[in-house]
Each structure stands twice: as C-alpha cells, then as structure tokens.
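# Overview (structure and organization)
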Amino acid sequence: MFLGVSIIADRFMSSIEVITSQERQITIKKPNGEKITTTVRIWNETVSNLTLMALGSSAPEILLSVVEVCGHNFDAGELGPNTIVGSAAFNMFVIIGYCVSIIPKGETRKVKHLRVFFVTAAWSIFAYTWLYLILAVISPGIVEIWEALLTLFFFPLCVGLAYIADRRLLFYKYMYKRYRAGKQKRVIIETEGEPQLPSKVDIEMDGRMLNSNGEDFVDEAVGFDEKELDEEETRREMARILKELKQKHPEKEMEQLIELANYQVLTQQQKSRAFYRCQATRIMTGAGNVLKKHAADQAKRAVQHDFCSEVSENNFSSKIFFDPGTYQCLENCVSVALNVVRRGGDLTSTVSVDYRTEDGTANAGSDFQFTQGTVVFRPGETEKEIRIDIIDDDIFEEDEHFLVHLSNVKVVSKGVGSERHEANHAEALAGLGLPCTATVTIFDDDHAGIFTFEDPVVTVSESVGVMEVKVSRTSGARGVVAVPFKTTEGTAKGGGEDFEDTHGVLEFQNDEIIKTIQINIIDDEEYEKNKNFFLEMGEPQLLEMSERKGGALSSHAEVLTKKEEEERRIAEMGRPMLGEHVKLEVIIEESYEFKNTVDKLIKKTNLALLIGTNSWREQFAEAITVNAGDDDDDEECGEEKLPSCFDYVMHFLTVFWKLLFALVPPTDYWNGWACFVVSISVIGLLTALIGDLASHFGCTIGLKDSVTAVVFVALGTSVPDTFASKVAAIQDQYADASIGNVTGSNAVNVFLGIGVAWSIAAIFHHTQGQKFKVDPGTLAFSVTLFTIFAFICVAVLMYRRRPEIGGELGGPRIPKILTTCLFFSLWLMYILFSSLEAYCHIKGF
C-alpha cells in the first residue's frame with residue numbers, strides 16, 4: 001500500500017511541478033529607453049514550496065488525519081495526529097541526519113535562503129508548541145472551534161511571513177545590505193538601506209503596463225544588470241565544462257560530449273522539492289533516473305534527425321540545377337562556362353533540360369550572345385556545361401550582368417528501376433532544383449580598376465583558423481596594380497592574442513579581378529563577447545599599363561558623342577582608385593558551433609517537461625518499461641545504463657500500481673490541474689485503506705494505534721521523502737531543497753492535517769451541542785518530546801554554519817559522524833519514550 005501511495009504521490013507531485021513552473025513574459029523598459037523581454041515564474045518559489053509542494057509531500061499524513069476523523073463519527077483518533085508528529089520527527093531527525101552524512105568528502109552544503117529557513121523553522125517548532133498548548137494548557141482535553149480554526153489560519157500566516165522574508169518586504173527592506181568597492185581595490189564596504197533604484201522603470205506584462213515607478217517587480221528590474229553578468233558567467237562555465245569533457249574524453253564524438261555536458265548542466269540546475277521527490281520515487285520503483293533518460297533521449301533524437309536528413313537527400317526524384325548559381329567573367333574572356341548538375345533519383349535514365357539567356361543590365365547582341373538550347377544528361381552523367389559567348393568592346397562601362405534560366409525538364413528514357421519508383425511516388429522522376437537561374441556578371445577591362453572590399457563589415461567565427469578577405473577590382477582590369485594593406489587593433493588585440501598582425505601588398509596582374517588577404521584568427525575556446533579589428537587598404541599604384549587597346553581608343557575618336565567623349569576621358573586616365581569600402585571592420589564572434597552548443601546548454605530546461613506527461617499512451621509506455629535507477633554521479637553519468645536486478649524486482653512489485661495510476665489524466669491537461677485533483681482524491685482513498693490496515697495490524701500484533709502511527713505509518717509515508725532529500729543533498733549546491741523544506745512541511749502538517757480535521761470535528765460537535773474531546777495524554781507527550789528535540793536539532797544546524805565546519809550538511813568527517821549519530825539518537829529516543837508512555841511505563845500528561 002505504501003508503494004501505491006508513493007506512485008500516486010509521484011503523479012501528484014508531477015502535476016504540482018507543472019503548475020508551479022508556469023511562466024509569463026514581462027518587458028522591462030530601462031531609463032535609457034532600452035526594452036528587455038524576459039520570462040518570470042508565476043509562482044513564487046517560497047510560496048510554492050510551502051503550499052503545493054508541502055501539500056504534495058505531506059498529502060498522505062494530512063489526508064489520513066482528515067479521513068480518520070470523518071470515518072470515526074467525527075471523534076478524535078490516535079492514528080492520524082500521531083502519524084503527523086511521528087512523520088515530523090522522522091523528517092527532522094532521520095532525514096536531516098542522513099543528509100548530513102551522505103555529502104561527498106570535503107564538501108559542504110549551506111542553506112541559501114536563511115531568512116526563509118529561520119521563519120519556517122520557527123513556525124515548525126511553534127506549531128507543535130501550539131498543539132501542546134491547546135491540548136494541555138488552554139482547554140485540556142477539549143478543542144474549541146476557535147482553537148481549531150486558529151490552527152488552520154496559522155497556515156496562510158506562515159506562508160505570508162515566509163514570503164515577506166523572501167521578498168524583503170515590510171521591515172526587511174530596512175535591513176537590506178548593499179556593497180560597494182572601496183578606494184583601495186579588493187576592499188568591499190557594506191552599507192545599509194534600500195538599493196538604489198532607477199528613477200523610472202516601466203514593466204509591461206501581457207500587453208499592459210504594470211508600474212512606472214519601480215515599486216513592483218523591483219527585484220527583476222534592479223537585478224537585470226546582475227542577471228546579464230550571471231548569464232555571461234554561466235556561459236563561461238558551460239564553455240569550461242565542454243573543454244574539460246573534451247580533454248577528458250578525446251575519443252568521444254561531439255554528440256556524446258554534448259550529452260554528457262547536458263546531464264552535468266541539468267544536475268547543477270536548481271530544482272524544486274517536487275522534482276527531487278518524483279526522481280527519488282522513480283529511481284526507487286524501477287522507472288529510471290529522470291535526468292539520465294532525458295540526456296539519452298536527446299542524443300537519440302539528434303542521431304535520428306541526422307539519419308532522416310540523409311534519407312531525405314537520397315529521394316527518388318532527380319533534381320537539375322546550376323552549381324554554383326553565380327559566375328563572373330572579364331569582358332575579354334570570349335566565353336563563360338556554366339555548370340549544370342543532376343543530383344539524386346535514378347541516374348540510369350536520360351534527362352533533358354532547356355536553357356535560355358535573359359537580359360539584365362547587360363544586353364544581348366552588345367554585351368553577350370543570346371543563347372538557348374537543350375542539355376541532355378545521358379545514363380550515368382551528372383554534370384554538363386553551357387557556354388555563353390561574351391562580346392568585347394573598347395568602351396569603358398560599369399560592370400553588367402545577365403541571367404540564364406533552366407526550364408522544361410523531361411525524362412527522355414527511363415532507367416531500370418524507374419517504373420517501380422514512379423508507381424510509388426506521385427512526384428515526377430525529374431524536376432528543377434535550386435538554383436535554377438544563374439547570374440553572370442561581366443567585369444569591364446577597359447580601366448585600371450576600382451579597388452574595394454565587398455562589405456564594410458564582416459563577421460567571422462573564432463574557430464575559422466585562417467580568414468580570407470576578398471579585395472575586388474571592378475570597373476576595369478587593365479594593367480598591373482599594387483594595393484597595400486594592414487590590420488589595426490580594435491577591441492580585439494593583435495600580436496597573437498585574438499589575431500595575428502598582417503600587412504603587405506596585393507599585386508593584381510593584368511585582367512585579374514579578385515585577390516584575397518589571409519589573416520590568422522586565434523581560437524581560445526573561451527565564451528566571450530564579440531571583438532573587432534580593422535583591415536585597411538592604402539592608395540593603389542599602377543605598376544604597368546597594358547597597351548592592348550590603346551589604338552582602338554584613338555580609332556573611335558572621330559565619331560564620339562558627348563557621353564562617349566566623357567567615357568573615353570575616364571578610360572584614358574587609366575589610373576586605379578579606391579572604391580566605397582576601403583576600411584573593413586572584422587568582428588570576431590565565438591565559434592558558431594561552440595556558441596550554439598553553449599547557448600543550448602545554458603537555456604534552463606523546464607524540468608516540468610522531464611517529469612510531466614502529455615498523453616495516456618506515454619503514461620502506459622512508462623508504466624511497463626524498466627529503466628536503470630542507479631543515480632551515482634560518476635564520470636559516465638550522462639549515459640543511460642541497463643537496469644539492475646533491483647530495478648526489475650521493484651518494477652514487478654509496483655507494476656500493478658503503475659498501470660492503475662496510468663489512468664490518471666496526463667499533466668498536460670488543464671495545465672496540470674486535472675492530474676492534481678484526481679491524484680489527491682486517489683491519495684485520500686488509499687490513506688483511508690492504510691488507516692484501517694494499520695489499525696488491524698496494530699491490533700494483530702498487540703500495538704496501540706499511537707505506537708503504530710509513530711513507528712510504522714510515519715516511516716512508510718516518509719521513505720520517498722528520504723530518497724528525495726538524499727538526491728537533493730548530493731546534486732544541489734545548497735541545502736534548501738534537502739533540509740530547508742523539511743521544516744516547512746512539518747509546520748504544514750500541523751496547520752492543515754490537524755487544523756482541517758479538528759475544525760471539521762469541532763464544528764460538527766458544536767452543531768450537536770457537544771464538545772470535541774481529544775485525549776491529551778499520548779499526543780501531548782509526543783508533541784512535547786518532539787519540540788524539545790527539535791530545538792536541539794535546529795541549534796546544532798546553526799552551529800554547523802561556523803567556519804570550522806562550513807555548513808549544515810557535510811563538512812569534516814568527525815563532526816559529520818557525530819551530528820548524524822546525535823540526530824539518529826534523538827529519533828530513537830523519541831520512539832522509545834513515546835512507546836513507553838503509551839504503555840504507561842512513563843507518566844504522561
């Protein structure tokens with residue numbers, strides 16, 4: 001039965017994770033007018049931990065108390081309340097003691113949100129103190145309506161105070177500490193007061209302005225500069241992880257390295273209590289490690305995507321197209337050759353395609369010969385050549401272009417397998433691919449030329465190694481011209497730090513129109529912001545002038561129009577000159593592949609997607625599948641392993657419950673609320689059965705309900721929390737998820753479990769004109785004992801924050817062992833004294 005409760009509680013916690021992970025977009029408008037759009041969670045982390053998360057973690061105990069009261073004619077029972085106190089003792093002493101001991105050697109874990117921890121710890125101790133007061137002091141043996149309702153009211157009050165502490169509201173804002181750099185470097189000065197806010201911060205959410213004075217969402221607005229710095233630091237950290245994995249596993253492919261890095265990032269990502277609870281339950285029941293399954297699935301999808309891409313390229317239709325799609329030639333080149341290719345399909349068939357030239361800025365008859373015809377690809381042929389004649393003249397003119405189109409693809413004769421493919425595929429056996437139009441540019445050669453870079457700015461990847469920069473010679477190509485060049489620093493540094501300094505002279509030969517400059521780019525594989533440097537050209541010098549067309553120019557001098565005379569004057573000048581782009585800005589950006597990989601890794605995966613489900617089919621598939629549950633954090637942690645014998649045993653013990661609870665609605669329905677409502681209803685039914693079974697079990701072996709509750713029922717309901725806290729303690733860098741939520745859950749147990757049950761019973765008895773009587777004896781003694789031990793536990797945890805130990809969890813070996821032994825001893829003493837009091841060996845209240 002406890003396994004069944006654990007599995008349905010897993011579904012319940014999955015729905016809570018989906019509900020509390022919902023996000024919305026907000027737009028922050030900075031004082032300088034810049035707008036930044038980001039996503040924020042709808043649920044505050046502290047509020048969700050103390051409400052839905054605590055409810056999910058403590059649902060069996062809470063519902064057991066409510067069901068017991070309602071099932072016993074609204075009279076008080078011993079099983080429900082004692083289970084709540086026994087579960088609180090197990091959580092406080094055993095779980096925290098266990099988490100202290102399992103931290104790896106030399107490591108510690110501290111509570112990050114210490115203010116919230118103080119609030120919840122205080123409330124958890126007060127809750128049981130209040131329970132003692134209403135049982136033994138204020139109205140001994142009787143619970144008044146106001147006492148029960150006040151107990152229930154303490155729940156929202158506890159949540160509200162924790163929220164105030166988390167958000168630094170009310171008096172907390174006067175306790176805000178700011179830090180500034182002193183006049184001496186490396187000296188940090190602490191100051192008191194509110195943070196300095198921008199004079200005006202506009203926040204837009206869902207298309208409407210929320211605030212214009214910076215009061216609401218202050219944390220988000222003020223923290224954006226820090227957030228940007230944190231993101232840069234995170235990127236560097238991800239780059240470091242990839243580099244380390246690459247050095248550690250040089251034999252692995254990039255996909256495998258990404259898988260390992262993805263798992264490592266996911267394990268370091270902050271997670272909720274619900275996630276750890278779900279992961280622990282699934283490991284315990286043979287459903288597998290959630291993070292490992294996700295990393296392995298991502299790798300499989302990548303492999304499948306590559307395979308599908310290869311298959312799609314090798315289809316049954318031949319494609320005819322130009323390769324490449326652009327061509328350049330000099331005016332005196334006589335003819336230009338265009339390359340037409342056939343790719344894919346049945347290469348044993350004969351295919352024809354028509355081609356035809358079309359005027360652009362160049363005109364047929366004066367700049368090139370109009371050409372049309374048909375190209376035939378015979379069996380086995382994949383490339384053909386088209387030649388277009390170019391007309392040369394002696395008049396200086398701008399560079400011009402014309403087009404060549406392909407059309408009318410025909411299959412002249414079919415190959416051996418064509419009939420079979422044609423029957424199975426509606427698409428034609430051959431067709432036009434892209435590009436099916438080629439552009440031919442004619443460079444004029446009647447001038448020494450204008451020299452320019454193709455663009456004013458070029459961006460290169462840091463991993464390019466050697467970048468090539470093209471210098472174009474346009475509007476002429478006559479003579480030998482020398483063009484000097486040199487690099488200058490910008491934010492990128494030369495001398496081999498970001499790039500190697502380069503200088504020299506390009507020498508363009510007669511009719512040469514393109515030259516390249518090579519610059520070495522240094523790749524340090526560090527995630528950093530873009531840097532730039534500059535490449536400049538000097539004045540070109542004419543070294544040698546071709547006289548090939550000199551006579552031709554003078555022979556036309558007699559019959560020139562005014563426009564032609566101007567063209568001739570420019571042509572006769574013949575000197576080279578610089579064009580529009582003479583200074584090129586080179587921006588060095590992080591390697592695209594490296595940057596893209598890092599950016600994908602730093603995007604926080606919505607963990608609700610990992611533990612949630614979107615269909616009943618997926619739920620039933622998971623229910624019958626056994627996965628490895630080993631959660632050891634070794635070097636191969638990103639790789640999915642085969643299930644162990646223990647995984648198979650636990651799977652077969654729980655497969656009935658898995659299949660039964662696969663009927664619960666998936667978490668994608670109604671944003672998780674459908675699963676939430678159905679799951680909590682099923683938990684209520686199961687706890688009712690557990691209550692009856694526990695009573696019968698105690699009666700059979702001769703144990704009182706109070707002893708059965710604090711020993712067996714509390715232990716059974718708390719085992720999943722133990723595994724969840726273990727995983728959280730090892731994987732999380734802070735102690736909040738492992739022990740911080742224990743105190744909150746203990747308080748919620750009393751305020752909801754006792755408050756709801758006793759409020760219902762007190763109101764019912766009041767309507768009947770009776771008093772709701774509760775025997776304070778055993779329960780009051782257990783509560784008093786737990787409260788005393790809880791004070792000791794919290795005091796020890798606070799002492800462990802001292803520098804010689806370093807944190808609540810982990811630390812040096814001897815203090816770690818002593819703390820664990822102390823906490824375990826407190827739990828054993830609690831069990832022993834509670835049992836002795838129940839059998840009247842010790843006098844209670």
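Scroll up a little and you will see the structure.
The notes below deal with the structure included here. (Residues numbered from 1 in each chain as written. Predicted model: local features only at pLDDT ≥ 70, side-chain atom pairs only at ≥ 80, totals over all residues. Heavy atoms only, no water.)

## Observations regarding the pattern of salt bridges
A side chain with one charge can pair with a side chain of the opposite charge if their charged atoms come near. Counted according to the given criterion, the structure contains nine salt bridges. A salt bridge links arginine 801 to glutamate 808; the shortest N-O distance between them is 2.8 Å. Judged by its relative accessible area of 0%, glutamate 808 is buried. (Salt bridge = Lys/Arg side-chain N within 4 Å of Asp/Glu carboxyl O. Buried < 20%, exposed > 50% of the residue type's maximum accessible area, 1.4 Å probe, protein only.)

## What to know about the sheet that holds strand E17 (residues 437-443)
With mixed pairing, the five strands of this open sheet are ordered in space as E10-E17-E15-E12-E13. For this open sheet the edge positions go to strand E10 (326-330) and strand E13 (372-377), each flanked by a neighbour on one side alone. Strand-to-strand twist of the sheet, defined as the mean angle between neighbouring strand axes without regard to direction, takes the value 25 degrees. Pairing geometry for E10 and E17, over five bridges, is parallel. By the bridge assignment for E17, threonine 326 is matched with threonine 439. (Pairing = 2+ DSSP bridges. Helix = DSSP H or I, 4+ residues; strand = E, 2+ residues; numbered from the N terminus. Axes fitted to C-alpha atoms, helices over the stretch in contact; angles between N-to-C directions.)

## With respect to empty space enclosed by the protein
Evaluation of the coordinates by the stated rule reveals 10 cavities of 30 Å³ or more. The space that makes up the largest cavity amounts to roughly 260 Å³. Along the wall of the largest cavity there are 16 residues; nearest its centre are Asp10, Arg11, Arg282, Glu622 and Lys658. For the lining of the largest cavity, the secondary structure elements donating two or more residues are helix H1 (2-20), helix H9 (273-284), helix H16 (616-623) and helix H17 (645-661). Among the residues forming the lining of the largest cavity, the class breakdown is five nonpolar, five polar and six charged. (1 Å grid on protein atoms, 1.4 Å probe; cavity = no way out; pocket = protein on both sides within 12 Å on 5 of 7 lines; lining within 4 Å. Points joined across faces, edges and corners; volume = space filled by probe spheres on them. Nonpolar A, V, L, I, M, F, W, Y, C, P; charged D, E, K, R; others polar.)

## Looking at the pairing of E17
Pairing geometry for strand E15 (residues 400-413) and E17, over six bridges, is antiparallel. What sits directly across from histidine 401, in E17, is threonine 441.

## Remarks on the nonpolar core
With 109 residues, the main nonpolar core has Phe93, Ile96, Tyr128, Phe751, Trp758, Phe786 and Tyr830 as its most contacted residues. One finds Val353, Ile390, Leu406 and Ile442 within the second-largest nonpolar core, a separate group that totals 24 residues. (Core = buried A, V, L, I, M, F, W, Y, C linked by side-chain atoms within 4.5 Å.)

## A short note on unusual backbone geometry
Here the residue pair aspartate 323 and proline 324 is connected by a cis peptide bond, since its omega of 5 degrees sits within 30 degrees of zero. By the secondary structure assignment, proline 324 is in the loop between strand E9 (318-322) and E10. Here the bond from leucine 434 into proline 435 is cis, since omega is 0 degrees, no more than 30 degrees from zero. Relative to the helices and strands, proline 435 is located in the loop between strand E16 (430-432) and E17. The phi dihedral of asparagine 73 is positive, around 55 degrees, even though this residue is not glycine. For asparagine 73, the location among the structural elements is in the loop between helix H2 (45-71) and helix H3 (79-102). Taking relative accessible area as the criterion, asparagine 73 reaches 61% and is therefore assigned exposed. With a phi close to 55 degrees, asparagine 408 is a non-glycine residue in the positive phi region. Tracing the backbone through its elements, the reader meets asparagine 408 in strand E15.

## What about the environment of isoleucine 320?
Here isoleucine 320 shows up in strand E9. With 113 residues separating them in the primary sequence, isoleucine 320 and glycine 433 have C-alpha atoms 5.3 Å apart. Contacts of isoleucine 320, omitting those with residues within four sequence positions, involve Val340, Val341, Arg342, Val351, Val353, Phe377, Leu406, Val409, Gly431, Leu432 and Gly433. (Contact = heavy atoms within 4.5 Å.)

## Examining the side chain of serine 14
With respect to the element layout, serine 14 can be found in helix H1. Discounting chain neighbours no more than four positions away, the residues touching serine 14 are Cys278, Arg282, Ile611 and Thr667.

## So, the packing of aromatic side chains
Summed over the entire model, instances satisfying the criterion amount to 24 aromatic pairs. Relative to phenylalanine 533, the ring of phenylalanine 499 has its centre 4.0 Å away and its plane inclined at 15 degrees; by these criteria the two rings are stacked. Linking phenylalanine 499 in the loop between strand E21 (480-489) and strand E22 (503-508) with phenylalanine 533 in strand E24 (residues 531-537), this pair joins segments that are 34 residues apart in sequence. Its relative accessible area of 0% is what places phenylalanine 533 among the buried residues. Joined through ring pairs, the aromatic side chains of Trp123, Phe126, Trp130, Trp146, Phe154 and Phe751 make up one cluster. The aromatic ring of phenylalanine 534 is capped on one face by lysine 583, whose charged end is 4.7 Å from the ring centroid. (Phe/Tyr/Trp six-rings, centres within 6.5 Å; stacked < 30°, edge-to-face > 60°. Lys NZ or Arg CZ within 6 Å of the ring centre and 35° of its normal.)

## Here's the deal with the sheet that holds E16
Strand order in the open sheet formed by four strands is E14-E11-E9-E16, and the pairing between neighbours is mixed. Every other strand in the sheet has two partners, leaving strand E14 (383-389) and E16 as the edge strands with one partner each. The sheet shows a mean angle of 25 degrees between the axes of neighbouring strands, taken without regard to direction. In terms of strand pairing, E9 meets strand E11 (residues 335-343) through four bridges, oriented antiparallel. Across the sheet, residue lysine 319 finds its bridge partner in E11, namely arginine 343.

## Some details on the packing of helix H5 (residues 145-167) against helix H20 (residues 736-767)
For the pair H5 and H20, the least separation of the axes is 7 Å and the interaxial angle reads 150 degrees. Classed by the angle they form, the pair H5 and H20 counts as roughly antiparallel. As H5 runs across H20, the sense of the crossing is left-handed. Judged by residue contacts, Ile145, Ala148, Leu149, Thr151, Leu152, Phe154, Phe155 and Cys158 of H5 engage Val748, Val750, Phe751, Leu752, Gly755, Val756, Trp758, Ser759, Ala762, Ile763 and His766 from H20. (Parallel < 35°, antiparallel > 145°, perpendicular 65-115°, else oblique. Left-handed = near helix turned anticlockwise from the far one by under 90°.)

## Side note on the side chain of threonine 452
In this structure, threonine 452 sits in strand E18 (residues 450-453). Accessibility expressed as a relative area gives 12% for threonine 452, which makes it buried. In terms of polar contacts, threonine 452 uses its side chain to reach the backbone amide nitrogen of histidine 581, at 3.0 Å. Not counting chain neighbours up to four residues away, the residues in contact with threonine 452 comprise Lys470, Val471, Ser472, Met537, Gly579, Glu580 and His581. (Polar contact = N/O pair within 3.5 Å; in protein donor to acceptor, adjacent residues only side chain to side chain.)

## A short note on a nonpolar patch on the surface
Taken together, Trp616, Phe620, Ile624, Phe656, Leu659, Leu660, Leu663, Tyr669, Trp670 and Trp673 make up a surface patch of nonpolar side chains, about 1,000 Å² in accessible area. Elements with a minimum of two residues in the nonpolar patch: H16 and H17. The element that contributes the greatest number of residues to the nonpolar patch is H17, accounting for three residues. Examined against the element boundaries, leucine 663 turns out to sit in the loop between H17 and helix H18 (673-701). (Patch = residues over 30% accessible without salt bridge, like charges linked within 9 Å, V, L, I, M, F, W, Y side chains within 5 Å. Areas by Shrake-Rupley, 256 points an atom, 1.4 Å probe, with all protein chains shown as cover.)

## Let's talk about the packing of H3 against H20
Contact geometry for H3 and H20: axes closest at 10 Å, N-to-C directions at 180 degrees. If you check the angle between H3 and H20, you find them roughly antiparallel. Here H3 contributes Pro81, Ile84, Ser87, Ala88, Asn91, Met92, Ile95, Ile96 and Cys99 to the contact with H20, which in turn contributes Ser738, Ile739, Val742, Thr743, Asn746, Asn749, Val750, Gly753, Ile754 and Trp758. Within the contact of H3 with H20, the residues separate by chemical class into 12 nonpolar, seven polar and no charged.

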